[in-house]
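# Reading the structure
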Amino acid sequence: MDVSEEEWKKRLTKERYRILRKKGTEPAFSGEYWDCKLKGVYVCAACGNPLFSSDDKFDSGSGWPSFTRPIEKETVGYTKDKKLFQTRTEVHCSTCHGHLGHVFDDGPPPTHKRYCINSLALHLEEKR
Ligand code: FE
């Protein structure tokens, strides 16, 4: 996806730009979806790529929407994030490369993964 930073700045709100393009993190319990129980598909807020299903969402207590897996394996990509003292695995949209959040190994069965994702990187397309 060939979109310039200038163009992303125009397309996204300031808050979404900071998360998706600058790898920011929204404050815990601040986002739209951490406590959301609605059914549907969470798509990338930048490009609309389907990322996570509400079926794989669980309450992690972290204050961020959390999932055990992406809706399709190839829909997200991973990079090592060495910004903090420990190395974390950063998760991004495979279509637009927008930053989504991080994945940790302390999730529930069946995957034992915890995809810790910013609400601001997501948009819920509700199932009706
Ligand atoms: Fe995207």
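Quantities reported herein were computed from a predicted structural model and do not represent experimental measurements.

Only Cys44 (SG), Cys47 (SG), Cys93 (SG) and Cys96 (SG) from the protein coordinate the iron ion, and they sit 2.3 to 2.4 Å from it. Geometry at the iron ion is tetrahedral, judged from its four donor atoms and the angles of 101 to 115° they form at the metal. The sequence pattern describing where the donors of the iron ion fall on their chain is C-x2-C-x45-C-x2-C. The buried category is assigned to Cys44, whose relative accessible area is 2%.

Structurally, Ser53 is set in strand 2 (residues 50-53). On the basis of relative accessibility, which here comes to 11%, the residue Ser53 falls in the buried class. Within the local environment of Ser53, its side chain forms a polar contact with the backbone nitrogen of Asp55, the two atoms lying 3.0 Å apart. Dropping the residues within four chain positions of it, Ser53 is found in contact with Gly40, Phe67 and Ile71.

With that settled, consider the packing of aromatic side chains. The way to describe two aromatic rings as a pair is by their centre distance and the angle between their planes. All told, the structure shown has six aromatic pairs when counted by the stated rule. Taking the centre distance of 5.3 Å and the plane angle of 70° together, the rings of Tyr42 and Phe67 count as edge-to-face. Linking Tyr42 in strand 1 (residues 40-44) with Phe67 in strand 4 (residues 66-67), this pair joins segments that are 25 residues apart in sequence. Here the aromatic rings of Tyr78 and Tyr115 are separated by 6.4 Å at their centres, their planes lie at 55°, and the arrangement is tilted. Taken together, the positions of Tyr78 in strand 5 (residues 76-81) and Tyr115 in strand 8 (residues 114-117) put the pair 37 residues apart, joining distant regions of the chain. Take Tyr78: its relative accessible area is 40%, and that puts it in the partly exposed class. Among the residues examined, Tyr115 registers a relative accessible area of 6% and is labelled buried. Taken together, Tyr33, Tyr42, Phe52, Phe67, Tyr78 and Tyr115 form an aromatic cluster joined through their ring pairs. The ring of Trp8 carries Arg11 above its face, with NZ or CZ at 5.5 Å from the centroid.

Before going further, it helps to examine the sheet that holds strand 8. Reading across from one edge, 3-4-8-7-6-5 is the order of the six strands in this open sheet, with antiparallel pairing throughout. The sheet terminates laterally at strand 3 (57-58) and strand 5, the two strands that pair on one side only. Pairing geometry for strand 4 and strand 8, over two bridges, is antiparallel. Bridging from a neighbouring strand, Ser66 pairs with Cys116 of strand 8.

The rules behind the values
- Residues numbered from 1 in each chain as written.
- Predicted model: local features only at pLDDT ≥ 70, side-chain atom pairs only at ≥ 80, totals over all residues.
- Heavy atoms only, no water.
- Donors = N, O, S within 2.8 Å, 3.2 Å for Na, K, Ca; no water.
- Tetrahedral: all angles 85-135°; square planar, octahedral: opposite > 155°, others 65-115°.
- Buried < 20%, exposed > 50% of the residue type's maximum accessible area, 1.4 Å probe, protein only.
- Helix = DSSP H or I, 4+ residues; strand = E, 2+ residues; numbered from the N terminus.
- Polar contact = N/O pair within 3.5 Å; in protein donor to acceptor, adjacent residues only side chain to side chain.
- Contact = heavy atoms within 4.5 Å.
- Phe/Tyr/Trp six-rings, centres within 6.5 Å; stacked < 30°, edge-to-face > 60°.
- Lys NZ or Arg CZ within 6 Å of the ring centre and 35° of its normal.
- Pairing = 2+ DSSP bridges.

In short, shape yes, function no, at least from these values alone.
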